[in-house]
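Observations on the model geometry
One letter stands for each residue in the lines below.
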Amino acid sequence: KSAYYGQITVGAPTPQQFEVVFDTGSGHLVLPSIMCRAETCLNHRRYRRRASLVAKDIDVDGSLVMPNQARDQITVSYGTGEITGIFVQDKVCLGPPAPKEPAPPSPAAGSVSGASLLQLDRARVETAKTQLQEDEDDDDGKPNTEHGCIDLRLVSATDMTDDPFSSWPWAAEPVATSEFNFLEAASLGGSWSSLVPDAERMFGVFLAKSSQEDSEITFGGWENDHIVNGHQLAFCDVQDSEEGYWQLEVYGIKADGQKLDFCDDGCRAVVDTGSSLVGVPSALGDQLVDLLRFPASPEGGCHGPGPRLEIDLGNFTVILDPSDIARLEFIEGEAETNETQAALPEGSEVGNTSSDNMLLSAGALQSSAEPDAEAPSCVPMLMHIDLPEPLHPKTLILGEPVLQRYYIVFDARAPKVGFAAARHAVAGREAEVS
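Residues numbered from 1 in each chain as written. Predicted model: local features only at pLDDT ≥ 70, side-chain atom pairs only at ≥ 80, totals over all residues. Heavy atoms only, no water.

**Overview of the overall build of the chain**
As a reminder, the rule being used: Numbering of helices and strands runs from the N terminus, with a helix taken as a DSSP run of H or I at least four residues long and a strand as a DSSP run of E at least two residues long. The method behind every accessible area is Shrake-Rupley, applied with a 1.4 Å probe, and residues are considered shielded solely by the protein chains displayed.
Helices and strands together make up the secondary structure of the chain, namely six helices and 28 strands. Carbon and sulfur atoms form 46% of the exposed surface of the chain, whose accessible area is close to 18,900 Å².

What follows is the structure, encoded as structure tokens:
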């Protein structure tokens, strides 16, 4: 459930189907190109521009690229990883195509520890020194579906790093200029309608916690059924929206009821559907681990009761309990197998290892088989990440744990972000968040 992904199709008349991450922290729709020979690309379905009769080769300004002409390239750095690609304009549709062929396999199950698709910089665009062209490819002329379709500029990736893209689908939900911005292009193009006046530029995200429910993204408004009965959405204004992030002001942080002075001179928090953990500046991480550490249960669980983390966003306070973020603490020197399994949420399968900028505050579990072993402790799973300009030096990332606890609505009109307690189904019954 860590990767918030869904299906899209690209091109016409033969739709090419992809699984993509709907990532609010990225600036472009990125697909691996058939020209990409990196192992990461070869492990995924790749985009064939020549298979689409409506696709156009373009530069960053939208101008057409003539045959054998040098063209613009873009390099984008994320919280973990980097991609290089070229620009293409093509037809993009939400959802799978008409059921005429088997869908591609979904990404492997399991969490990706500490991965973040938050775009870290203004993408670097330069003119390629050589002409980049695909090999000729046949087209079988199958029809495409028209539901939720737009004419969108996208990035066809010609190279990408292993981490985190080897096990992730591809980043969608752009937040950059309107021509590359999926939400803006779709709402202006009439790709969907809304029962709420002028709500075409809104979308709500629900991230499932178990196999008893399905994750869902709703365009053109939100779905009240995902909100706990009696709870209402509370909206917080986005700060410096021209920078391209869903970033909110942080007015204070409490750990185990203790107010920290870390944000006395200001903090920000980016709401990011592409991050698998809560990210914090490295100067804050160790302090939070110390304040949120508590003894594990006799059975070795970390569901609490225990200290909670509170993030004051002004009009709403994000509250994370041990059941949301706590994991058994790693003790240096234990077996790598225990280390990996202890770092994952209970019930998850083993995924990829994390990047260097992640705080492994839940490391190798101390063996309880030793008679004199100290009782294990629980600590928060946090990602240490110091974000560069233009972001505030004290910026947090609100990733998967926040998305699972709260139903979140993004409103690009103002812009603002709304939070409400999410209603989850567990073992056939609803689990409501207080």
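Now that the structure is up, let's keep going.
**Here's the deal with the sheet that holds strand 11 (residues 216–219)**
Which entries qualify depends on this criterion: Being paired, for any two strands, means DSSP has found at least two bridges between them. Only the stretch in contact is used when a helix axis is fitted, and all axes are lines through C-alpha atoms; the angle between N-to-C directions ranges over 0 to 180 degrees.
Spatial ordering of the open sheet is given by 11-10-25-26-12, a layout of five strands whose pairing is antiparallel. The open sheet has two free edges, formed respectively by strand 11 and strand 12 (234–237), since each of these has just one partner strand. Averaged over neighbouring strand pairs, the angle between their axes works out to 20° when direction is ignored. Two elements, strand 10 (residues 202–206) and strand 11, share four bridges in a ladder whose sense is antiparallel. Its bridge partner being in strand 11, phenylalanine 203 is matched across the sheet by phenylalanine 219.

**Some remarks on the state of the cysteines**
The following threshold applies: Note on terminology: disulfide denotes any pair of cysteine sulfur atoms within 2.5 Å.
Overall, the coordinates contain four disulfides when judged by the stated rule. Paired through a disulfide, cysteine 36 and cysteine 41 show a sulfur-sulfur distance of 2.1 Å. Disulfide cysteine 36-cysteine 41: torsion about the S-S bond near 75°, hence right-handed. For the chain, numbering the cysteines in disulfides from first to last along the sequence yields the connectivity 1-2, 3-4, 5-6, 7-8.

**A few points about the packing of aromatic side chains**
This is how it is decided: Within 6.5 Å between ring centres, the rings of Phe, Tyr and Trp (the latter by its six-membered ring) count as paired, and their orientation is classed by plane angle as stacked under 30 degrees, edge-to-face over 60, tilted in between. The classification of residues rests on relative accessible area computed with a 1.4 Å probe and restricted to protein chains. Under 20% of the type maximum is buried, over 50% is exposed, and intermediate values are partly exposed. Our definition puts a charge over a ring when NZ of Lys or CZ of Arg is within 6 Å of the ring centre and also within 35 degrees of the ring normal.
Across all of its chains, the model carries eight aromatic pairs by this definition. Summarising the aromatic geometry, the rings of phenylalanine 203 and phenylalanine 219 are spaced 6.1 Å apart at their centres and angled 35° between planes, so their arrangement reads as tilted. Here phenylalanine 203, found in strand 10, pairs with phenylalanine 219, found in strand 11; they are 16 residues apart in sequence, far enough to count as distant. Residues phenylalanine 203 and phenylalanine 219 agree in their burial class; the two are buried. Their ring planes at 85° and their centres at 6.4 Å tell us that tyrosine 406 and phenylalanine 419 sit as a pair that is edge-to-face. With tyrosine 406 in strand 25 (residues 406–411) and phenylalanine 419 in strand 26 (residues 416–421), the pair connects residues that are 13 residues apart, well separated along the chain. Put simply, the rings of Phe22, Phe203, Phe219, Trp246 and Phe410 touch in pairs and so form one group of aromatic residues. We note lysine 394 situated over the ring of phenylalanine 262; from NZ or CZ to the ring centre the distance is 4.5 Å. Across the ring face of phenylalanine 235, the terminal group of lysine 416 is positioned such that the distance to the ring centre comes to 5.1 Å.

**Some words on the pattern of salt bridges**
Going by this rule: For this document, the term salt bridge refers to a Lys or Arg side-chain nitrogen within 4 Å of an Asp or Glu carboxyl oxygen.
The full count for this structure, using the stated rule, is 12 salt bridges. The partner of lysine 394 in a salt bridge is aspartate 265, with the nearest N and O atoms 2.9 Å apart. Placement of the pair is lysine 394 in the loop between strand 23 (382–384) and strand 24 (395–398) and aspartate 265 in the loop between strand 15 (258–259) and strand 16 (267–271), with a sequence separation of 129 residues. Between glutamate 329 and arginine 293 there is a salt bridge; the shortest N-O distance is 2.9 Å. Pair noted here: glutamate 329 is in the loop between strand 21 (326–328) and helix 5 (336–343) and arginine 293 is in the loop between helix 3 (282–292) and strand 18 (294–295), with a separation of 36 residues, a long-range link. Overall, arginine 293 belongs to the partly exposed group, its relative accessible area being 32%.

**Topic: helix 3**
Note that an α-helix has 3.6 residues per turn; residues three or four places apart therefore point the same way. To be explicit about the condition: Summarising the geometry, the arc corresponds to the directions from the helix axis toward the C-beta atoms.
Residues of helix 3 that are buried include every one of Leu284, Gly285, Leu288, Val289 and Leu292, and no others. For helix 3, the angular spread of the buried residues around the axis is 135°, confining them to a single face. Of the exposed residues in helix 3, those oriented more than 90 degrees away from the buried face are Ala283 and Asp290.

**Remarks on the environment of alanine 38**
Take alanine 38: it is sitting in the loop between strand 3 (30–32) and helix 1 (39–42). Alanine 38 gets classed as buried once you look at its relative accessible area, which sits at 18%.

**Some details on the environment of valine 409**
Here is the rule we go by: Two residues qualify as a contact provided that any one of their heavy atoms is within 4.5 Å of a heavy atom in the partner residue.
Inspection of the secondary structure assignment puts valine 409 in strand 25. In this structure valine 409 comes out as buried when scored by relative accessible area, which is 0%. Setting aside residues up to four positions removed in sequence, valine 409 forms contacts with Met202, Phe203, Gly204, Trp222, Leu233, Phe235, Lys416, Val417 and Gly418.

**Considering the confidence of the model for the chain**
Selection criterion: pLDDT measures the predictor's confidence residue by residue and takes values from 0 up to 100.
Here the chain averages 77 in pLDDT, while 71% of its residues score no lower than 70. In the predicted structure, residues 105–113 sits below a pLDDT of 50 and forms 27 contacts with residues beyond four places in sequence or in another chain. Low pLDDT, under 50, characterises residues 334–372; the stretch is placed with 103 contacts to residues that sit more than four places away or in other chains.

**Focus: the pairing of strand 8 (residues 149–160)**
Regular strands place their side chains on alternate faces of the sheet. Most of strand 8 sits out of view: 10 of its 12 residues are buried. The pairing of strand 3 with strand 8 spans three bridges and is classified as parallel. Looking at the pairing, leucine 31 lines up with serine 156 of strand 8. Pairing between strand 6 (residues 82–94) and strand 8: 11 bridges, direction antiparallel. Pairing of glutamine 89 across the sheet is with arginine 153, part of strand 8.

**Digging into the nonpolar core**
Heads up, the condition is: Throughout this description, the term nonpolar core refers to a set of buried Ala, Val, Leu, Ile, Met, Phe, Trp, Tyr and Cys residues connected via side-chain atoms within 4.5 Å.
The biggest cluster of nonpolar side chains holds 62 residues, and the ones touching the most others in it are Leu288, Leu313, Ile408 and Phe419. By residue number, the principal contributor to this core is helix 2 (residues 182–188), which donates four residues. Counting residues in each nonpolar core, the second largest holds 14 residues, with Ala38, Ile74, Phe87 and Phe180 among its members.

**Structural notes on the sheet that holds strand 22 (residues 377–380)**
The strand order across the open sheet built from three strands is 18-22-21, with neighbouring strands paired in antiparallel fashion. At either end of the open sheet lies a strand with only one pairing partner, and these are strand 18 and strand 21. Direction of pairing for strand 21 relative to strand 22: antiparallel, over a ladder of three bridges. When the bridges of strand 22 are listed, alanine 326 appears paired with proline 380.

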